[in-house]
Amino acid sequence: MLVVNQELKMGKGKIAAQCGHAVLGAYKRGKKYAPSALTWWEKFGQAKICVQCPTEDEMWEIAKKAGAKGLITYIVMDAGRTQIAAGSRTVLAIGPAPEQQFKGLTDHLKLL
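Notes on the structure follow. Computed from a predicted model, the values in this text were never measured in an experiment.

Each value, and the rule that gives it
Residues numbered from 1 in each chain as written. Predicted model: local features only at pLDDT ≥ 70, side-chain atom pairs only at ≥ 80, totals over all residues. Heavy atoms only, no water. Helix = DSSP H or I, 4+ residues; strand = E, 2+ residues; numbered from the N terminus. Rg over C-alpha atoms; globule rule 2.2 N^0.38 Å. Contact = heavy atoms within 4.5 Å. Areas by Shrake-Rupley, 256 points an atom, 1.4 Å probe, with all protein chains shown as cover. Axes fitted to C-alpha atoms, helices over the stretch in contact; angles between N-to-C directions. Parallel < 35°, antiparallel > 145°, perpendicular 65-115°, else oblique. Nonpolar A, V, L, I, M, F, W, Y, C, P; charged D, E, K, R; others polar.

## Some points on the overall build of the protein
What the protein contains, in helices and strands, is 3 helices and 4 strands. For the protein, the sequential pattern of α-helices and β-strands runs β-α-α-β-α-β-β. Radius of gyration (C-alpha) of the protein: 13 Å, near the 13 Å computed for a compact globule of 112 residues. If you line up the protein on its principal axes, its C-alpha atoms span 35 × 25 × 20 Å. For the protein, restricting intrachain contacts to residue pairs at least 6 apart in sequence, the fraction spanning at least 24 positions comes to 70%. Of the roughly 6,600 Å² of accessible surface on the protein, 55% is carried by carbon and sulfur atoms.

Have a look at this one:
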């Protein structure tokens, strides 16, 4: 699951790049901390779903809830070379995890 911070008003290309960073960060954490979840994800299609998150504060709350459920999380912090300020939190990646693990976390957010 890729939770995109909408406060930053990023362009489509910027969002795509930040989602790529988020997937890679989550993949690396999954490889270290949840290899069986990663194997499952790779075997069953490597699903990636992008949703809109209205604020950075809400993104942090979702990250806390996901962490409390034992899910892998990774938040991208931008380097500030293009559209947005350095240190901006752009995308939260959650997982890989089975779909039911996201109930109550991101089901209220709209697809991107």
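Alright, that's what it looks like, and here's the rest.
## Overview of the packing of helix H1 (residues 12-33) against helix H2 (residues 35-43)
Remark: H1 packs on H2, axes separated minimally by 6 Å, with the N-to-C direction vectors making an angle of 125 degrees. Here H2 runs oblique to H1, going by the angle between their axes. Contacts between H1 and H2 involve Tyr27, Gly30, Lys31, Lys32 and Tyr33 from the former and Pro35, Leu38, Trp41 and Glu42 from the latter. The residue inventory of the contact of H1 with H2, partitioned by class, reads 5 nonpolar, 1 polar and 3 charged.

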